[in-house]
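What follows is each chain in one-letter form.
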Amino acid sequence: MHQVLKELESYLSKDLQYSRILSSMCTNPHPVAVKAHTMFIRTNLGDPGLFPGTAELERKLISELGKLFGKKDVSGYIGSGGTEGNIQAIRAAKNVTGKKGNIVVPESAHFSFAKIGDLIGVEVRRAKLDGEYRVDTGDVERLIDDDTFAIVGIAGTTELGQVDDIRALSDIALENDVFLHVDAAFGGFVLPFLGIRDFDFRVEGVCSLTADPHKMGMATIPSSAILFREEEYLEALNVETPYLTSAKQYTLTGTRPGTGVASAYAVLRYLGFEGMKKVVLECMRITRLIKDEVEATGLEAVIEPVTNVVCFRCRAEKVREELKKMGWIVSTIRRPEAIRCVVMPHITESLAFEFVEALKQVVRNL
Ligand code: 0PR
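Residues numbered from 1 in each chain as written. Predicted model: local features only at pLDDT ≥ 70, side-chain atom pairs only at ≥ 80, totals over all residues. Heavy atoms only, no water.

Concerning the overall build of the chain
Just so we agree on the cut-off: Strands here are runs of E lasting at least two residues and helices are runs of H or I lasting at least four, both read from the DSSP assignment and numbered beginning at the N terminus. Computation of the radius of gyration draws on C-alpha atoms alone. For the globule rule, the value is 2.2 Å times the number of residues to the power 0.38. Exposure is judged per residue with a 1.4 Å probe applied to protein chains only, and the accessible area is read against the type maximum: over 50% gives exposed, under 20% gives buried, and values in between give partly exposed. Whether two residues touch is decided by their heavy atoms; if any such pair falls within 4.5 Å, the residues are in contact. Accessible areas in this description were obtained via Shrake-Rupley with a 1.4 Å probe; residue shielding takes into account the shown protein chains only.
Counting its regular elements, the chain contains eleven helices and 13 strands. Computed over its C-alpha atoms, the radius of gyration of the chain comes to 21 Å, within 12% of the 21 Å expected for a compact globule of 366 residues. A burial count over the chain gives 55% of its 366 residues as buried. Long-range contacts, defined as pairs at least 24 residues apart, comprise 69% of the intrachain contacts of the chain with a sequence gap of at least 6. Put simply, the chain shows about 16500 Å² of open surface, and 50% of that area lies on carbon and sulfur atoms.

Structural data, given as structure tokens:
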């Protein structure tokens with residue numbers, strides 16, 4: 001066994017450490033999440049009758065998340081990622097409304113919606129953004145027609161961390177009788193701790209919400225919650241599973257790890273909402289620190305950070321390459337041309353200062 005592990009180690013050691021990564025929405029899982037993950041390593045929620053304890057824990061976690069997102073008796077499950085959450089929400093919307101025409105998403109929507117268009121065979125219409133890179137709700141209204149069955153709002157966009165006006169989208173959804181899905185894959189475990197609440201089930205028209213513990217929830221990968229306002233929306237995903245311990249299955253995958261349930265629950269229990277808030281506030285403090293320090297060098301932030309993401313206008317590809325040579329990883333966005341820094345919990349204050357120094361050096365030599 002020693003030999004095999006040594007071989008594995010040689011591959012693992014080629015991977016990058018998170019400490020110099022500002023391009024990722026993932027982070028080192030919390031130690032309690034790692035312990036929980038290991039404990040539940042053999043569980044398979046694809047056959048919940050064999051794992052009734054893990055299934056019970058999942059129901060408890062969903063109900064805790066319901067409290068966080070403004071509806072105690074929410075329905076849902078823990079899946080593989082924001083992509084699965086978004087797919088399932090649109091599938092549910094299609095099945096509940098009985099329509100299969102088009103959906104309207106913001107131009108800033110994650111690329112998972114391109115997969116959805118392909119998989120479900122619906123037209124994905126992209127609404128323009130306003131000057132602050134929020135979806136232009138007037139354009140959403142303009143794009144809706146008789147065949148539209150769902151609209152999407154984003155609470156924490158992938159590129160800028162911006163939050164759409166979910167209240168306005170809710171009004172539009174109720175008026176046009178369409179399903180409203182909120183993609184809070186990233187923002188779900190940020191916004192509530194910043195006191196931003198008007199993106200979740202507290203807003204009347206919100207039918208479903210994706211929020212990923214494997215991003216800012218510090219859980220192990222994979223762990224992602226898809227939540228529905230009504231049990232019937234979840235039930236609309238059911239297929240029959242005649243030979244299993246359960247007669248029906250609403251999940252996208254069949255075999256499904258219980259590790260994401262255990263690790264997400266462990267972080268929630270161990271840190272509590274108060275402890276998670278502290279982590280988020282520290283990320284925000286460091287995000288603003290990076291913003292102020294970098295702006296002092298003459299680069300301009302694209303928007304005032306709403307979540308722990310900050311983007312700077314510059315010759316992005318060149319800056320990204322130069323930073324990479326110095327061991328720092330950032331990503332780039334195209335509209336507007338900018339580098340993107342996601343300030344996850346692994347970016348400490350001293351790392352942030354080191355990063356800023358590296359960026360200053362790059363900017364000086366441009
Ligand atoms: N919705 C939003 C708003 C997202 O930002 C993402 C992923 C998803 C949905 C899809 O989530 P899954 O990737 O869990 O299916 N956002 C990150 C991104 O695409 C994911 C990521 C994380 C990418 C870590 C790279 C990385 O190193 O940028």
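Some details on the pattern of salt bridges
What counts, and what does not: Salt bridges are identified by distance alone: a Lys or Arg side-chain nitrogen within 4 Å of an Asp or Glu carboxyl oxygen.
For the coordinates displayed, the defined rule picks out 21 salt bridges. K67 is the salt-bridge partner of E64, the closest N and O atoms lying 3.0 Å from each other. One end of the pair is E64 and the other is K67, both in helix α3 (residues 52-68) and three residues apart, which spans about a single turn. Since its relative accessible area comes to 40%, K67 is described here as partly exposed.

Some details on the sheet that holds strand β4 (residues 148-154)
What counts, and what does not: In short, DSSP must find at least two bridges between two strands for them to pair. Whenever a helix is involved, its axis is fitted only over the stretch in contact; in every case the axis is a line through C-alpha atoms, and angles between N-to-C directions fall within 0 to 180 degrees.
Taken in spatial order, the seven strands line up as β1-β7-β6-β5-β4-β2-β3 in an open sheet, and their pairing is mixed. Both edges of this open sheet fall to β1 (75-79) and β3 (123-127), since each of them pairs with a single strand only. On average, each strand axis in the sheet is inclined to that of its neighbour by 20°, with strand direction left out of account. Pairing of strand β2 (residues 102-106) with β4 involves three bridges; the strand directions are parallel. Bridging from a neighbouring strand, I103 pairs with A150 of β4. Seen against the sheet, helix α4 (residues 82-97) touches β1, β2, β4, β5 (179-183), β6 (206-211) and β7 (224-228) and runs at an angle of roughly 150° to β4.

Some words on unusual backbone geometry
Of the consecutive residues I221 and P222, the connecting peptide bond is found in the cis state with omega at 0°. Within the secondary structure, P222 is located in the loop between β6 and β7. Residue P336 follows R335 across a cis peptide bond; omega there is -5°. Note that P336 resides in the loop between β12 (331-333) and β13 (338-342). In this model, Y133 sits at a positive phi of 65°, which is unusual for a non-glycine residue. Along the chain, the position of Y133 falls in the loop between β3 and α6 (137-143). The backbone of M218 sits at a positive phi, close to 60°, despite the residue not being glycine. Inspection of the secondary structure assignment puts M218 in the loop between β6 and β7. The buried category is assigned to M218, whose relative accessible area is 6%.

Regarding the domain arrangement of the chain
Threshold: Domain limits in this description derive from either an automatic procedure or a database domain assignment. What counts as buried area is the accessible surface, traced by a 1.4 Å probe, that two parts surrender upon association, with contributions from both included.
Split by domain assignment, the chain resolves into domain 1 (15-27 + 272-365) and domain 2 (31-268). Centre-to-centre separation of domain 1 and domain 2, based on C-alpha positions: 27 Å. Taken together, the contact pairs 27 residues of domain 1 with 27 residues of domain 2. When domain 1 packs against domain 2, close to 2500 Å² is buried across both sides, 73% of that on carbon and sulfur atoms. Looking only at domain 1, the three residues that lose the most surface to domain 2 are M25, F273 and M276, adding up to 27% of its buried area.

A few points about the pairing of β2
For β2, the buried fraction is high: five of the five residues fall into the buried class. The side-chain alternation of β2 yields two buried faces, one formed by N102, V104 and P106 and the other by I103 and V105. Bridging between β2 and β3 involves five bridges; their strand directions are parallel. Its bridge partner lying in β3, I103 is registered against V124.

Thoughts on the site of the ligand
Under the convention used in this document: Near residues are defined by distance, with any heavy atom within 4 Å of the molecule or strand qualifying the residue. Nitrogen and oxygen atoms within 3.5 Å of one another constitute a polar contact, given that in protein one can donate a hydrogen and the other can accept it, and given that sequence-neighbouring residues count only through two side-chain atoms. When residue character is reported, Ala, Val, Leu, Ile, Met, Phe, Trp, Tyr, Cys and Pro are called nonpolar, Asp, Glu, Lys and Arg charged, and the others, Gly included, polar.
Residues in contact with the ligand amount to 17 residues; listed here are only the nearest, T83, T158, D183, H214 and K215. Here S24 contributes a side-chain N or O atom positioned 3.1 Å from an oxygen atom of the ligand. Within the complex, 76% of the 600 Å² of free accessible area of the ligand lies under protein. Here the residues of the shell around the ligand are counted per class, giving four nonpolar, nine polar and four charged. Among the domains, domain 1 (15-27 + 272-365) and domain 2 (31-268) are the pair contributing at least three residues each to the shell around the ligand.

Thoughts on the layout of surface pockets
So the rule is basically this: Definitions used throughout: a 1 Å grid over protein atoms alone; a cavity as a set of points that fits a 1.4 Å probe which cannot get out; a pocket as an open set with protein on both sides within 12 Å along at least five of seven lines; a lining residue as one with an atom within 4 Å of a point. Grid points are joined across faces, edges and corners, and a volume is the space filled by probe spheres set on the points.
Estimated volume of the largest pocket: approximately 530 Å³. Along the walls of the largest pocket sit 19 residues, with E107, S108, A109, E159 and R334 positioned nearest its centre. Broken down by element, the lining of the largest pocket gets its largest block of residues, three residues, from β12. Of the residues that constitute the lining of the largest pocket, the class distribution is six nonpolar, seven polar and six charged. Counting residues domain by domain, the lining of the largest pocket receives three or more from each of domain 1 (15-27 + 272-365) and domain 2 (31-268). A volume near 390 Å³ is recorded for the second largest pocket. Elements with a minimum of two residues in the lining of the second largest pocket: α3, β1, α8 (231-235) and β9 (248-249). Of the residues forming the lining of the second largest pocket, the biggest block, four residues, is contributed by α3. Of the residues in the lining of the second largest pocket, the class split is seven nonpolar, seven polar and six charged.

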